[in-house]
Amino acid sequence: MPILETRELTVRFGGHIAVNAVTCAFEPGTLTAIVGPNGAGKTTYFNLISGQLPATAGSVLFKGEDVTALGPDRRTRRGIGRAFQLTNLFPNLTVLENVRLAVQARARNGVDLFSMASRHHDLIEKARHYLDRVALTARARTHAAALSHGDQRKLEVALMLALEPDIFMFDEPTAGMSVDEVPVILDLIEDIKQAGDKTILLVEHKMDVVRRLADRIIVLTNGTLVADGEPAAVVALPVVQEAYLGIRQREAGNG
Amino acid sequence: MTLDGILSGDRPRSRVLSVLLVAGFLALLGAPFLFPGTKALGVAERICIFIVLAASYDIVLGYTGIVSFAHAMFFGIGAYGEAIALTTLPVGWGAILFGVVAALAVSAVLATAIGFVSLRLRALYFSMMTLALASFALIMATQLRDLTGGEDGLTFSLPRVLTPAFRLLDGPLLGVRMDGRIVTYYLVFLATTLLFLLMLRIVNSPFGRVLQAIRENEFRAQALGFSIVLHRTLAGVIGALMATLAGAMLALVLRYNGPSASMSFEIMVDSILLMTVIGGMGTLYGPMLGAIIIVLAQYYLQPGMAVLSGMFAGLPVLPRLFDPDRWLLWMGGLFVVIVYFFPTGIVGRLRERPANDG
Ligand SMILES: Nc1ncnc2c1ncn2[C@@H]1O[C@H](COP(=O)(O)OP(=O)(O)O)[C@@H](O)[C@H]1O
Ligand SMILES: [Mg+2]
C-alpha cells in the first residue's frame, strides 16, 4: 500500500491552475525525485501535501487516510516532514533552540506548563545530535539569522530530521549552497535512504544528483504531471531534456 | 531549591536590572515597616496587585502577540466575583473562596471563547472585538444594579482577621501596629510573589518556548506540528486567570469594587498597557518594573506637582505647568518619552548593553 497518494490534486490561484489534477502514489521506502522547470508547481504540490495550502479539488491520502481537510500541524504530527525551499526558521532564536523546538514538537510536550524547558536534557541532547548530523554543532549558540545561507539550509534540514517523520520532503535542499557544503546534505539524504524504511520526496535540479539518488522521477510542467518512471527512462524524455537544458543554460548565464 | 529553579532559569541578565528588581522586592517585603502609614500601605498593595496584572497581560501581549483590550474585563470579573460573593453570602473564607472560584470559571470560559474567535479574525478586527466585549462587560457591570451595585459598586466586610480591628500582636512591632491590614498586605505580597514566579515558570516551560516560537514565526511553528489555536488559547486563558486572581485581591484590599475600580478603560490603557509596554514586553520583569513606576507616578506625581507648583508661585507659566490637574499630561509625556527612547521597554534597553551583563 502506498504511504502517500494524491488524487486529482488541484489548486487554482484566480484563473491560474498551479497544480492540475495530479494523481500519484508513493511507496514506502522509496526516493522519488520531482523535476520540472521553475514555476512548474513543485513547491505548490509540496504545500498541498504538507498542508500549507488548501486544495481547490482532489485529495491527499497519507497512510491510507484522507488528510486533505487537516491543517499543516496535524499532518506533521501524523508523520509528514517538510523542509522549505525558502528558508523558514526562527531567526532570533539560537540554532540549538530552533532544533530543540522541533525535537520538542516530536516529543509532544508542548503543553507542559510547569517544568523548565532548559532542564529537559534529553531533548537538548537530541537536538545536538541532529545539529551534528548537518555539521552545525559549532554554530549551536549562534542566532539563526546570523548563519550563512548554506548553514541556514542545513538548519532547515535539521528541523525536519528532528521531527523524525515517515516521509521527508526536500525542496531544493542544496540550492544556493557552496560546492563543499552540498555533500553534507546529499550524504544525509543517502543515509535516510539507506535506512530503508523512510520515504523521500526530493525536488532537485541537479540531474546528476537526481540520477544517482532517485528510484523514480516524476516530471511536472505547468502544474501537470507529464512523466513518471525509472530515472534513466525519464531523463531521456524530450520534455526533461528541454527543462534540464533550460536550467543548464540559465545557470551558465548566471555563473 | 536553587536560584535558577526559583527563577526558572530566567535571570535578569543585566546588572542594573538585577539591582532594581532586588530593591523593588525588598522594598515591597518591608513596605509596612519602611513606609508606615495607611496611604503607603495602600500604594504597596496596589503595586503588588498590578505586578500580577501587568505580568499576566505580558503573557498575552508580549509572549503570545495577542493585542487584547479585554484584559481589564478579567480583572473586573475577579473583583466582582469577590464583591458579589461577599455581599450575598455570609462573610467568611467560604465566601472568599467561592467568589474566586466562580470568577475563575467565568474568565476561563470567556477567554477560551475569545481564543477560538481570535483564529477566525484578522488581528485588527480581533482587537476591535475585544474592545467591544470590554465595553459590553462594563455596561453590564453598571446596568445590573441588583447584582453589581451599578455605578456605586459594592462595599462589603471581610473576615475579622483581615480588618484593621484585628490585632495580630498586642504591641507594635518596630513601631508599626500589627493589625489585620498588615495581615492582608502580607497575604497579597505572598500571593504576588508566588503568582509571579509561577508565570516566570510558565513562560520558561516547554509551553512557553512554543509561545516564543509562534511569536517568532507562526508559520514555521505550525509546520513543526504545534497547534496555534491550542497554544494561543491556552496562553489567553492563563493570562485571564491570573488577571482574575489580581482582581480578587484588589476587591479584598479595597473591601469595595465598582466599575471604575477594576473594569474601566483607564485601568486597561493607563495602567495595564502602559506598565507592560514601558517595562518591556515579553520579559515579565519589565511589567513588574512598569507596575512599580506607574503606580508610584499615579499616587505621587500629583502631590509632587502640587509642591512644585507652590514653589514656583508668583513666577509666570511654571505654576500652571505644574498644576496638579495637569498630571495626566505629564503621565502622557512620560509615556511618550519612554516609548521613544526605549522602544523595547526599560528591560529591553537594559539587556541591550553587553556591559551590564552579569
Ligand atoms: N500563493 C500563491 N498565490 C499565487 N500564485 C502562486 C502562489 N504560490 C505559487 N504560485 C504560482 O504557482 C506557480 C507554481 O509555483 P511553484 O510551485 O513555486 O513552482 P516551482 O516550485 O515548481 O518552481 C507559479 O506560477 C507561481 O507564481
Ligand atoms: Mg519551488
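Refer to the preceding data block for the structure.
Residues numbered from 1 in each chain as written. Chains lettered and ligands numbered in written order. Predicted model: local features only at pLDDT ≥ 70, side-chain atom pairs only at ≥ 80, totals over all residues. Heavy atoms only, no water.

> Looking at this model, I keep getting lost on the coordination of the magnesium ion (ligand 2). Mind explaining?
All names here are of chain A. At 2.0 to 2.1 Å from the magnesium ion (ligand 2) lie its protein donor atoms, namely Thr43 (OG1) and Gln85 (OE1). Placement of the pair is Thr43 in helix α1 (residues 42-50) and Gln85 in the loop between β6 (80-83) and α3 (95-107), with a sequence separation of 42 residues. Since its relative accessible area comes to 25%, Thr43 is described here as partly exposed. The class of Gln85 is partly exposed, set by a relative accessible area of 27%. (Donors = N, O, S within 2.8 Å, 3.2 Å for Na, K, Ca; no water. Helix = DSSP H or I, 4+ residues; strand = E, 2+ residues; numbered from the N terminus. Buried < 20%, exposed > 50% of the residue type's maximum accessible area, 1.4 Å probe, protein only.)

> Help me understand the site of ligand 1, please; the structure alone is not making it clear to me.
All names here are of chain A. Surveying the vicinity of ligand 1 reveals the residues Phe13, His16, Ala18, Pro37, Asn38, Gly39, Ala40, Gly41, Lys42, Thr43 and Thr44. Ala40 is positioned with one of its backbone polar atoms (N or O) 3.2 Å from an oxygen atom of ligand 1. A distance of 2.9 Å separates an oxygen atom of ligand 1 from a polar atom in the backbone of Gly41. The fraction of the free accessible surface of ligand 1 (560 Å²) that becomes covered by protein chains is 59%. For the shell around ligand 1, the elements supplying multiple residues, two or more each, are β2 (16-26) and α1. Looking at which element gives the most residues to the shell around ligand 1, the answer is α1, with three residues. (Near = heavy atom within 4 Å. Polar contact = N/O pair within 3.5 Å; in protein donor to acceptor, adjacent residues only side chain to side chain. Areas by Shrake-Rupley, 256 points an atom, 1.4 Å probe, with all protein chains shown as cover.)

> Help me understand the pairing of β2(A), please; the structure alone is not making it clear to me.
Put simply, side chains in a regular strand alternate between the two faces of the sheet. Residue and element names in this part refer to chain A. Of the strand pairs in this sheet, strand β1 (residues 4-13) and β2 are connected by seven bridges, and their pairing is antiparallel. Across the sheet, the residue bridging to Glu5 is Ala25, located in β2. Where β1 folds back on β2, the antiparallel hairpin that results is connected by two residues, among which Gly14 adopts a positive phi of roughly 65°. (Pairing = 2+ DSSP bridges.)

> What should I look at first to understand the interface of chain B and chain A in this one?
How big an interface is tends to be reported as the loss of accessible area on association of its parts. Tallying the contact residues gives 32 residues for chain B and 34 residues for chain A. When chain B packs against chain A, the two sides together hide about 2700 Å² of surface, and 62% of this comes from carbon and sulfur. Contact with chain A buries surface across chain B, with B:Pro206, B:Arg220 and B:Leu224 losing the most and accounting together for 26% of the total. Counting across the interface, chain B meets chain A through two salt bridges. (Contact = heavy atoms within 4.5 Å. Buried area = accessible area lost by both parts, 1.4 Å probe. Salt bridge = Lys/Arg side-chain N within 4 Å of Asp/Glu carboxyl O.)

> Any chance you could explain helix α14 (residues 265-279) of chain B here in plain terms?
Given 3.6 residues per turn, any residue in an α-helix points the same way as the ones three and four places further on. All names here are of chain B. Relative to the 21 Å expected for 15 residues at 1.5 Å per residue, α14 spans 20 Å between its end C-alpha atoms, a close match to the ideal helical length. Of all the bends in α14, the greatest measures close to 30° and is centred on Leu273. Taken together, the buried residues of α14 touch α4 (38-63), α5 (71-88), α13 (259-262), α15 (285-311), α17 (327-341) and α18 (345-352). (Expected span 1.5 Å × (residues − 1). Bend = angle between axes of the 7 residues up to and from the residue.)

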